[in-house]
Structure formats: C-alpha cells, structure tokens
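Here's the letter readout for the chains.
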Amino acid sequence: MRPVASSSPPRNTAPLRAPRFPILTVDERKLTPALGYVFNRKWLDPCESLVSILWKFERANALPGHVVARLLGPDIDPYEGVVPQLGIVDVDRLHESLRVPADALRAALLPAIPRRRYSGVFRFCRRCVAHGYHSVLHQMESNALCPAHGRALVSACETCGYEAPYRVNVRLLEATYHCAYCGASYGGQGWTPNRSPWMTAEYRRAFTRQYFQRYFG
Ligand SMILES: [Zn+2]
Ligand SMILES: [Zn+2]
C-alpha cells in the first residue's frame with residue numbers, strides 16, 4: 001500500500017522559467033584566437049557596421065549570438081545590449097576579442113551624434129544584406145538610398161513588418177541576416193567565409209566617398 005503522504009519534494013511548485021536562450025557555457029574571456037577563433041581582416045568591407053562584423057564573426061566561427069553578445073563586456077546585459085555607438089562600446093575590449101583592427105571597429109560604430117540623426121531601428125539595403133553586408137551609413141537618417149545600389153533602405157521585415165531595434169544584443173545577433181521576430185530572410189543567404197568577395201571597386205568607392213563626405217566633408 002502506498003503511503004498517503006510522500007516525502008519527496010513537491011513538484012511543479014517553482015515557476016517555469018525556461019531561459020529564452022541557452023545558458024552560456026563558454027568563458028568569454030577565453031574567446032580568443034588562441035582557441036582557434038578567427039577573423040580575417042580581408043573579410044571586412046568599407047564602412048561595415050559592428051552588427052555586420054559580428055554576424056561574420058559568428059558565421060566564421062560557428063558561434064551562437066548569445067556567446068558573441070557577451071564579448072561586449074561584463075557590465076553589459078547581453079539581452080538588453082547596447083547602441084553600437086562611439087563612446088558606448090568598448091572598442092579596446094572588442095579589438096582584443098575579435099582581432100578586428102581597432103580603426104575598423106571605430107568606423108563600424110555610429111559617430112557620437114544626436115539620436116535623431118540615425119535610425120533607431122536596423123535599416124538595411126536588401127541587396128547588400130543578401131551578401132551579408134550592412135553599413136553604418138545605412139543607419140544615417142540623411143541617407144534614403146544605399147550608397148552602392150541606389151535602392152531604398154528599409155527597416156521592416158517583408159513578412160511580418162517587425163523592425164529590429166538597432167542595438168547589439170542577443171536577439172539581433174542570433175538572427176543573422178534574418179528577421180529576429182519571424183525568422184524570414186532579409187534578402188538572401190548572407191555571408192559565409194568561403195564566399196568570393198562581392199563588393200566591386202565601384203561600390204567600395206561609393207561607401208568610402210560618402211563616409212568621408214559625411215564625417216569629414
Ligand atoms: Zn546596397
Ligand atoms: Zn519578420
């Protein structure tokens with residue numbers, strides 16, 4: 001006969017709080033090229049944004065976004081994330097972790113300009129993002145068109161209309177080249193390390209010219 005009262009602990013009394021993402025099992029302080037994580041500076045395109053660089057880093061090293069989000073620093077909540085802007089992101093720390101040149105990282109950040117001058121949501125050119133490229137210039141409110149393709153910049157997912165906040169956080173980093181809400185592609189396969197370079201000399205000039213006009217012209 002089974003006892004009426006059981007001595008085993010009651011079940012299902014704790015609220016179900018399944019983590020939205022897997023718990024980090026990699027010590028981010030060890031996430032360095034010494035363990036085989038790589039970033040080839042030849043993969044960088046001119047005026048590439050930090051989001052674009054981090055997506056490439058994830059693809060090249062088969063790392064999930066929640067691991068890469070921790071590279072931002074111990075003081076930053078990876079789920080909340082940060083606006084990728086100069087003075088907010090710790091460039092030295094990222095340079096150490098990613099081995100991306102510090103000047104490329106600085107160029108990948110929004111300059112220290114008022115909030116109204118850049119888009120608060122991820123804004124992109126479908127043709128560029130299909131190749132796995134997003135530029136800091138795509139975020140500038142003064143640009144309605146992609147400097148390379150002349151196509152209208154967009155921010156809403158074509159499938160569900162979601163606009164992703166322009167913050168480097170787990171959600172955006174997990175969504176490489178896809179809508180973070182419904183998972184629809186933003187326009188193509190995105191970038192992979194063995195792809196041949198796509199950006200023509202003409203496109204490179206278009207981005208670089210506009211970058212210097214905007215900031216130094
Ligand atoms: Zn474009
Ligand atoms: Zn969507």
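See the structure above.
These numbers were taken from a predicted model, which means no experiment stands behind them.

Draft legend 1. Geometry of the side chain of aspartate 45. Relative to the helices and strands, aspartate 45 is located in the segment before α1 (50-61). Given a relative accessible area of 15%, aspartate 45 falls into the buried group. Residues in contact with aspartate 45, not counting those within four places in the same chain, are Lys56, Tyr133, Trp198, Met199 and Arg204.

Draft legend 2. Representation of α1 within the structure. With 12 residues, α1 should cover 16 Å at 1.5 Å per step; its first-to-last C-alpha distance of 16 Å lies within 8% of that length. Of the residues making up α1, those classed as buried are Leu50, Val51, Ser52, Ile53, Leu54, Trp55, Lys56, Phe57, Glu58 and Asn61. The inward-facing, buried residues of α1 contact α2 (65-68), α3 (91-98), α4 (102-107) and α6 (170-174). Two residues or fewer past α1, alanine 62 is found with a positive phi of approximately 50°.

Draft legend 3. View of the layout of surface pockets. What the largest pocket holds in volume is close to 190 Å³. Around the largest pocket sit 13 residues that line it, and Lys42, Trp43, Trp191, Ser196 and Pro197 are the ones nearest its centre.

Draft legend 4. Quick look at the packing of aromatic side chains. Applying the stated criterion to the full structure yields 13 aromatic pairs. Where tryptophan 43 meets tryptophan 191, the ring centres are 5.1 Å apart and the plane angle is 65°; that geometry is what we call edge-to-face. Taken together, the residues tryptophan 43 in the segment before α1 and tryptophan 191 in the loop between α6 and α7 (201-216) connect sequence positions 148 residues apart. Judged by its relative accessible area of 6%, tryptophan 191 is buried.

Each value, and the rule that gives it
Residues numbered from 1 in each chain as written. Chains lettered and ligands numbered in written order. Predicted model: local features only at pLDDT ≥ 70, side-chain atom pairs only at ≥ 80, totals over all residues. Heavy atoms only, no water. Helix = DSSP H or I, 4+ residues; strand = E, 2+ residues; numbered from the N terminus. Buried < 20%, exposed > 50% of the residue type's maximum accessible area, 1.4 Å probe, protein only. Contact = heavy atoms within 4.5 Å. Expected span 1.5 Å × (residues − 1). 1 Å grid on protein atoms, 1.4 Å probe; cavity = no way out; pocket = protein on both sides within 12 Å on 5 of 7 lines; lining within 4 Å. Points joined across faces, edges and corners; volume = space filled by probe spheres on them. Phe/Tyr/Trp six-rings, centres within 6.5 Å; stacked < 30°, edge-to-face > 60°.

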